[in-house]
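The primary structure of each chain is shown beneath.
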Amino acid sequence: MPHVGPGIRELRRRRGLGIRRLALRSGVSHSSISLIERDRISPSIDTLAAILEALGTTLVGFFSELQQMSSYSPFYEAGELPEVGSGDAISYRVIGINHPNRQILMLHETYAVGADTGEAFSHTAQEGGMVIRGAVEVTVGNHAKTLQVGDAYYFDSRLPHRFRNVAEGQSEIVSAINPPTY
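Computed from a prediction, not measured in an experiment: that's the story for all the values here.

A. Geometry of the side chain of histidine 161. Here histidine 161 is to be found in strand 7 (residues 161-165). Side chain to side chain, histidine 161 and glutamate 127 meet in a polar contact 3.3 Å long. Here leucine 159 takes part through its backbone oxygen, which lies 2.8 Å from a polar atom of the side chain of histidine 161. Contact partners of histidine 161, with chain neighbours within four places excluded, come to Ala120, Phe121, Ser122, His123, Glu127, Thr139, Val140 and Phe155.

Below you can see the structure in the form of structure tokens.
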């Protein structure tokens, strides 16, 4: 699986743009773009979306192109899971990003101590998951519950929802979302 950074660099070069020009178009600093292109930092979804919009593509289009650049294997080593979150307080690593005709988004989510997804949000999908480490408070609509290791959830994502790590250490979830949102 190619890394996100080199994919962005290749797309920028094909468009004939310098880093500073892309920075002006995207609103992302040239130094951040340089670090992203060299895989020194992982962009947040919002930052990646801004860069890709400035390059004339979308998250789906970009990852589809990355998929075409890599050969398919049904197995994924830990280092091959692309980071699509901020990577700091909350990490979202995609499982199976290069699977042909992917119909589900599989994530390995890691939440730092006190991490919170913030204001409840909604989107058109269904999602389910299981806590595999720590404890996470999950709020769906007006229902909230603290889930421990082995506890799970499944809900209609059109209901506003949020996740908060309430453990004294890091918490982890393996989740699935259909249809895939990226």
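Next comes the rest of the write-up.
B. Main features of the sheet that holds strand 4 (residues 135-140). Overall, antiparallel pairing links the three strands, which are arranged 5-4-7 in an open sheet. Because the sheet does not close on itself, it has two edges, and the strands there are strand 5 (143-148) and strand 7. The sheet shows a mean angle of 20 degrees between the axes of neighbouring strands, taken without regard to direction. As judged from the six bridges shared by strand 4 and strand 5, these two strands associate in the antiparallel manner. Among the inter-strand pairings, alanine 135 is bridged to a residue of strand 5, identified as glutamine 148.

C. Inspection of the nonpolar core at higher detail. Core analysis: the largest hydrophobic core is formed by 38 residues, its most contacted members being Ile8, Ile51, Phe62, Phe63 and Phe163. Counting only domains with at least three residues in this core, you end up with domain 1 (4-69) and domain 2 (83-178). Here phenylalanine 163 is in contact with Tyr111, Ala115, Asp116, Thr117, Glu127, Val136, Glu137, Val138, Tyr153, Phe155 and Ile173, once residues within four sequence places are set aside.

D. Structural view of the pattern of salt bridges. Across all of its chains, the model carries six salt bridges by this definition. Residues glutamate 10 and arginine 14 are paired through a salt bridge, measuring 3.4 Å at the closest nitrogen-oxygen approach. Taken together, the residues span about one helical turn, with glutamate 10 and arginine 14 both in helix 1 (residues 4-14) at a distance of four residues. Since its relative accessible area comes to 36%, glutamate 10 is described here as partly exposed. Overall, the relative accessible area of 48% leaves arginine 14 in the partly exposed class.

E. Expanded view of the UniProt feature "domain: HTH cro/C1-type" (unreviewed entry) in the chain. The feature "domain: HTH cro/C1-type" (unreviewed entry), as given by UniProt, occupies residues 8-62 in the numbering adopted here. Taken end to end, residues 8-62 comprises 67% helix and 0% strand; its first and last C-alpha atoms sit 8 Å apart.

Cut-offs used in this document
- Residues numbered from 1 in each chain as written.
- Predicted model: local features only at pLDDT ≥ 70, side-chain atom pairs only at ≥ 80, totals over all residues.
- Heavy atoms only, no water.
- Helix = DSSP H or I, 4+ residues; strand = E, 2+ residues; numbered from the N terminus.
- Polar contact = N/O pair within 3.5 Å; in protein donor to acceptor, adjacent residues only side chain to side chain.
- Contact = heavy atoms within 4.5 Å.
- Pairing = 2+ DSSP bridges.
- Axes fitted to C-alpha atoms, helices over the stretch in contact; angles between N-to-C directions.
- Core = buried A, V, L, I, M, F, W, Y, C linked by side-chain atoms within 4.5 Å.
- Buried < 20%, exposed > 50% of the residue type's maximum accessible area, 1.4 Å probe, protein only.
- Domains from an automatic or database assignment.
- Salt bridge = Lys/Arg side-chain N within 4 Å of Asp/Glu carboxyl O.
- UniProt positions renumbered as here; feature names shortened; annotations may be inferred.

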